[in-house]
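Tertiary structure, described
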Amino acid sequence: MAPPTTAGSSGTGSGTGSGRRSFVAAGVGAALALGAGGTARARGRSPFGRYGSPSVRLHGRTLYVHPGGLGDHTTVQAAVDAAGAEGGHTLVIAPGTYRETVSVGADRTGMTWLGASEDARDVVVVYDNANGTPKPGGGTHGTSGSATTTVQADGFTARHVTFANDWLRADHPGTTGTQAVALKVQGDRSAFHHCRFLGHQDTLYADTASVGVLARQYFSHCYVEGDVDFVFGRATAVFEHCHFRTLDRTDLATAPYGFVFAPSTAAANPRGYLVTGSRITSAAPDAHYKLARPWVPSSDTTARPMLTVRGTRLGAGIDAVEPYANMAAAHPWQDQRFAEYRNGGPGAEITVPANRPQLTRAEAASHTRRTYLGDWRPHERGD
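Quick notes on the rules
- Residues numbered from 1 in each chain as written.
- Predicted model: local features only at pLDDT ≥ 70, side-chain atom pairs only at ≥ 80, totals over all residues.
- Heavy atoms only, no water.
- Helix = DSSP H or I, 4+ residues; strand = E, 2+ residues; numbered from the N terminus.
- Buried < 20%, exposed > 50% of the residue type's maximum accessible area, 1.4 Å probe, protein only.
- Areas by Shrake-Rupley, 256 points an atom, 1.4 Å probe, with all protein chains shown as cover.
- UniProt positions renumbered as here; feature names shortened; annotations may be inferred.
- Phe/Tyr/Trp six-rings, centres within 6.5 Å; stacked < 30°, edge-to-face > 60°.

A tally of regular secondary structure across the protein chain gives seven helices and 25 strands. Here the protein chain, with 383 residues, has 58% of them falling under the buried criterion. Carbon and sulfur atoms form 50% of the exposed surface of the protein chain, whose accessible area is close to 14,400 Å².

Set out below in structure tokens:
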């Protein structure tokens, strides 16, 4: 999706603040030592924490990933490939930075990834492709192809893992395709607990396999950061107790800097994105971000994007006067399914009622985790 255009900027010039890769050095530096085995062995502890080790397995379908060679595999993709198509495999991933792209095909159903330290900052899967990044065989990756991690399988679960894309506009001033996805997830019954999603444009792609396919996804106690449309797609997705963080942008002089949500819900789907009990904070100046804009892609011009935000604190970074914007004039946000209910914070202040559609109490009863996820109960595992 295209970045916002403001006077004097196309949104694709110099970067979104220096030091974007600082999380690799600061957030994972200590974890790298642990991942290499030195700290863990010196203290007599397994780098796989309470999940044991390759010599003491959780069950027959557990694979251990360790960047220093203390597990079954040194890369996440190698473990995914080794899991085969039997389904139900668990990957226990030791602390470290895994610089690779990972694809979980549709035949790897019921797979679980566990960050061994139980702190998502310690286990980082990261790469730096963007939409406009050239491919070795010619052409560019495109938005979907830019994803560091792609999950097509149903029944995928991740806990305490960071999914990141550290591609920077500042490093590639001539690139116009600046979308850079950290995670693209398409499978039904996909759950992410205590995970982090780091990027700038199009960070988290919560999608489905095709227009006619429904996919339920659940994000609990997760952290997501970015600037342009950094949570987007057509999935039925519930974000509960999550933290969304809008980044500062030194390449833009005026608002808007970007948009948090850009759903592309199919018209036939009665459930799009639900954000509940969460918060949105910002590193940017006040009122420099929109809450959402609708994405009606060329592949589905009948889409009716849907977003409900309820019981959520909207920080001052959100423009309270005009929280929504159009992506295309032909599909105004007022014609889509955007609504709010009992939000708080300066970004939720209702100054122009026409710009802030509110649910009634009766309407809000049909916008809950249970109604969106149906008979699937990922939250009943302690999250």
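Topologically, Tyr 257 is positioned in the loop between strand S18 (243–246) and strand S19 (258–263). Each C-alpha atom of the pair Tyr 257 and Tyr 289 lies 5.6 Å from the other, and the pair is 32 residues apart in sequence.

Residues given the UniProt feature "active site" (unreviewed entry) here are Asp 229. One can find Asp 229 in the loop between strand S15 (223–226) and strand S16 (231–233). What makes Asp 229 buried here is its relative accessible area of 0%.

This part covers the environment of Thr 254. With respect to the helices, strands and loops of the structure, Thr 254 is situated in the loop between S18 and S19. For Thr 254, a relative accessible area of 37% gives the class partly exposed.

Our focus in this paragraph is the packing of aromatic side chains. Scanning the model with the defined rule gives 20 aromatic pairs in all. Look at Phe 192 and Phe 197: their rings are 5.8 Å apart centre to centre, the planes differ by 70 degrees, and that puts the pair in the edge-to-face class. By relative accessible area, which is 0% here, Phe 192 ends up buried. Plain terms: the ring middles of Tyr 205 and Phe 232 are 4.1 Å apart, the flat faces sit at 20 degrees to each other, and that makes the pair stacked. Taken as a pair, Tyr 205 in strand S13 (residues 204–206) and Phe 232 in strand S16 lie far apart in primary sequence, 27 residues in all. Exposure class is identical for Tyr 205 and Phe 232. Each is buried. Each member of the aromatic cluster is reached from another via a ring pair, and the members are Trp 113, Phe 156, Phe 163, Phe 192, Phe 197, Phe 219, Phe 239, Phe 244, Phe 261 and Tyr 273.

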